[in-house]
Every structure is written in C-alpha cells, then in structure tokens.
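Descriptive structure summary
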Amino acid sequence: MAGATLDAREYKLLLDPAAFDAWDSEGGPERLWSGRIVPAIDKRLGLRSNGKPRYKGSLAAPKRRLVQFSDTEDGLLAANGFSLRRRSRPAAGEAAEDAVELTLKLRTPDHVVAALIELPANGAGARSKLEEDIAPLALVATGVRHGDGAILADPPSIHSRFSRSTRVKAPRPAQLGDVMALFPTLADVLTALGAPAPAAGAPLVHGPAVQEVVTEGVEIVLGDDIDGEVAMTFCNLDLPDAPARSAELSWKCSLTNGLMPLSAALRAYILFTGLQFDLSDVLERRELSKTALALPKRVGAP
C-alpha cells in the first residue's frame, strides 16, 4: 500500500508576543511584515530573474476564530501524538455552530507512519490531508515548561514532523467514545501505537478558549510555481500559569503529487534558517509549539 501523498509543507516560527505589543491593533501585522520579514526575504533570496522581489500580494484584514483543544484526563491523546481541536470562524450570516470544525490530528516524525495511517471520519464535510510541519531544530530541557528551556541548533537547521489530520463538522464531544464514533479507526491506531485500550466512557477535559487573530494575503515566491502562503497568527490564551499570548509566523507550500522542486525547497530552507538569525531577538524560546500552550492541563499535573 502506497499510502497518502504529501499535500503540503508548512514552515513555522514561534515568535515572542512581547515583541509585538501592537499586533492586535491596526497596522501591527503590516509592521511585522514590512519591517522584519520583507528585509529578510530580500537579504536571503534576492530578486527574481525578472527583477521583481520574491514576495507578492498585500495583507488582508485579520480574521478571528476561536480554538479549543480537548483530551482525556490522563492525556491519552497527547501522549500518543494526537490532538483534538475544535475551531469556529463564522462567516457573514452563518450561525456560529454551523461554522464549527472538529479536527483530529496525529503528528509523528515518521513520514511512513503518517502516510499509512488512515483517519476517516463519519460526518459532514470530512476532509483528510497529510502535511509536513517544519520547525527550528532545537532541544528542550527535560521538565522545563514556560521557561527558557529551548536551545536552538547552531548553525540553524530544521526539524520535521508529519501530520495526518481529518476535519469534520461536528459538535464538541463529551467523552472519548464520541471521538471514536466520529473517527472509527482511532481506537485501532492508539492500540497500534502501544497505548492502553481506550475507554469509551473516559470523559474529555477541555483546554482554555483561544482567540486567534490570523492575517494572510501575502506570498513568498520560491520559484517553479511554488509559493509560500504566509500566515501571521496571534493567540490570546486564558491561562493563569502560562504565557498569556503566542505569536507565529508561517508559510505553507502546496505540493503536486507530493513533490517540491529542488530549487524551491532550497530557497525555502535558506530563508527559514536565515530567519532564525534575522529574527533571533524575537524568537519564542519558552515553547516550540502554540498547540502545547493550549492543551488541557492533565489532572494531577503540577
């Protein structure tokens, strides 16, 4: 069995939100884009063969959405690489509940595992995809959380994880059995990963409500018909014992038949590692993933 084909590669840099106090105000994303990102693109990639810069488009108005993660009380999903996310972003005239999407995602460093695992869903509008998430290569000291625990590689490099995800329109589940009914292969996948037999009656606990402000509209021109669709995401978190906010710069490259031309891949690598130098003063070093900030706190955990 060949498995799923890679749909996209997404490059992600978590930033220190304290450096962008005006992010959520008018002009904040534009200041980040034009003041820090554009000069870095010019410096690292230069101009295209036609003399144009390697970026295009203009920033659109920010979009707001609500996000919440859920897990069992003992953190069964997170312990086995899964996340369960509920996201809502009503469009004009759309009821809030109609805009809710539930996404089950498995992240693993093993491309083959991610490609071969199947995560079908029962419900309206079910969609599955396989993506590569690219972050800075870093070490995090054991037991360190919400402290200066991240040590980035020198020279900068990348760390890849592969995500197999399926989203579906569904109400928020109350227990693990509800999730297994929506995603019928979940129990078998957990067992294959070595997890204890999942208890259908296990209640779910829900993480803090996260308000995301997302600004899009610009692209990085990597060549050979590959563009990186940029997103700047600012999160407000309701957490009493953790950073109150997070900020992320990312760009996603859609692939054809799972492939990315060498020239485009090299430019993306050069820019991503270069940004780790150019934005070193504003990189987030307390956490390496905004998802980690929003996961529900395990019962009994400090």
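Residues numbered from 1 in each chain as written. Predicted model: local features only at pLDDT ≥ 70, side-chain atom pairs only at ≥ 80, totals over all residues. Heavy atoms only, no water.

**Topic: the pattern of salt bridges**
Rule in force here: In the sections that follow, a salt bridge refers to a side-chain nitrogen of Lys or Arg positioned within 4 Å of a carboxyl oxygen of Asp or Glu. For the purposes of this entry, the term helix denotes a DSSP run of H or I that reaches at least four residues, the term strand denotes a run of E that reaches at least two, and both are numbered from the N terminus. In this scheme, a residue with accessible area under 20% of its type's maximum is buried, one over 50% is exposed, and one in between is partly exposed, where area comes from a 1.4 Å probe on protein chains only.
On inspection of all chains with the given rule, the structure shows 15 salt bridges. For the salt bridge of glutamate 219 with lysine 56, the shortest nitrogen-to-oxygen distance reads 3.7 Å. Taken as a pair, glutamate 219 in strand S12 (residues 218-223) and lysine 56 in strand S2 (residues 55-57) lie far apart in primary sequence, 163 residues in all. Residue class for glutamate 219 comes out partly exposed when judged on its relative accessible area of 22%.

**Re the side chain of arginine 164**
Counted only if it meets this: Charged residues are defined narrowly, with Lys and Arg counted positive, Asp and Glu counted negative, and His plus the chain ends left uncounted. Identification of polar contacts relies on pairs of N or O atoms within 3.5 Å, with a donor-acceptor requirement for protein atoms, meaning one able to donate a hydrogen and the other able to accept it, and with residues adjacent in sequence counted only if both atoms are side-chain atoms. Here, two residues are considered to be in contact whenever any of their heavy atoms come within 4.5 Å of each other.
Following the sequence through the fold, arginine 164 ends up in strand S9 (residues 158-169). Among buried charged residues, arginine 164 stands out as having no salt bridge; its nearest opposite-charge side chain is glutamate 118, 6.2 Å away. A polar contact of 3.3 Å, which involves the side chain of arginine 164, links it to the backbone oxygen of alanine 114. For arginine 164, the side chain forms a polar contact with the main-chain oxygen of isoleucine 117, separated by 2.5 Å. Not counting residues within four places of it along the chain, the set of residues in contact with arginine 164 comprises Ala4, Leu104, Lys105, Leu106, Ala114, Ala115, Ile117, Glu118, Leu119, Lys129 and Leu130.

**Let's talk about the side chain of asparagine 80**
Mapping asparagine 80 onto the fold places it in the loop between helix H2 (76-79) and strand S4 (82-88). Side-chain polar atoms of asparagine 80 contact the backbone oxygen of leucine 76, separated by 2.9 Å. Contacts of asparagine 80, omitting those with residues within four sequence positions, involve Leu106, Leu190, Leu193 and Ala195.

**Points about unusual backbone geometry**
Residues aspartate 154 and proline 155 are joined by a peptide bond in cis, for which omega reads 5°. Along the chain, proline 155 turns up in the loop between strand S8 (150-152) and S9. Positive phi, close to 65°, is recorded for aspartate 225, a residue that is not glycine. Here aspartate 225 lies in the loop between S12 and strand S13 (226-237). Backbone geometry places asparagine 257, a non-glycine residue, at a positive phi of 55°. Relative to the assigned elements, asparagine 257 resides in the loop between strand S14 (245-254) and helix H6 (262-278). The exposed category is assigned to asparagine 257, whose relative accessible area is 68%.

**Focus: the confidence of the model for the chain**
Low pLDDT marks regions whose predicted coordinates should not be analysed in detail. Quick reminder of the rule: Confidence of the prediction at every residue is given by pLDDT, a number between 0 and 100.
Taken over all residues, the pLDDT of the chain has a mean of 86, while the share at 70 or more is 82%. Across the chain, the element-wise mean pLDDT spans from 60 in helix H7 (residues 290-294) up to 98 in S12. Considering only residues more than four positions removed or in separate chains, one finds that residues 91-96, a stretch of pLDDT under 50, has five contacts.

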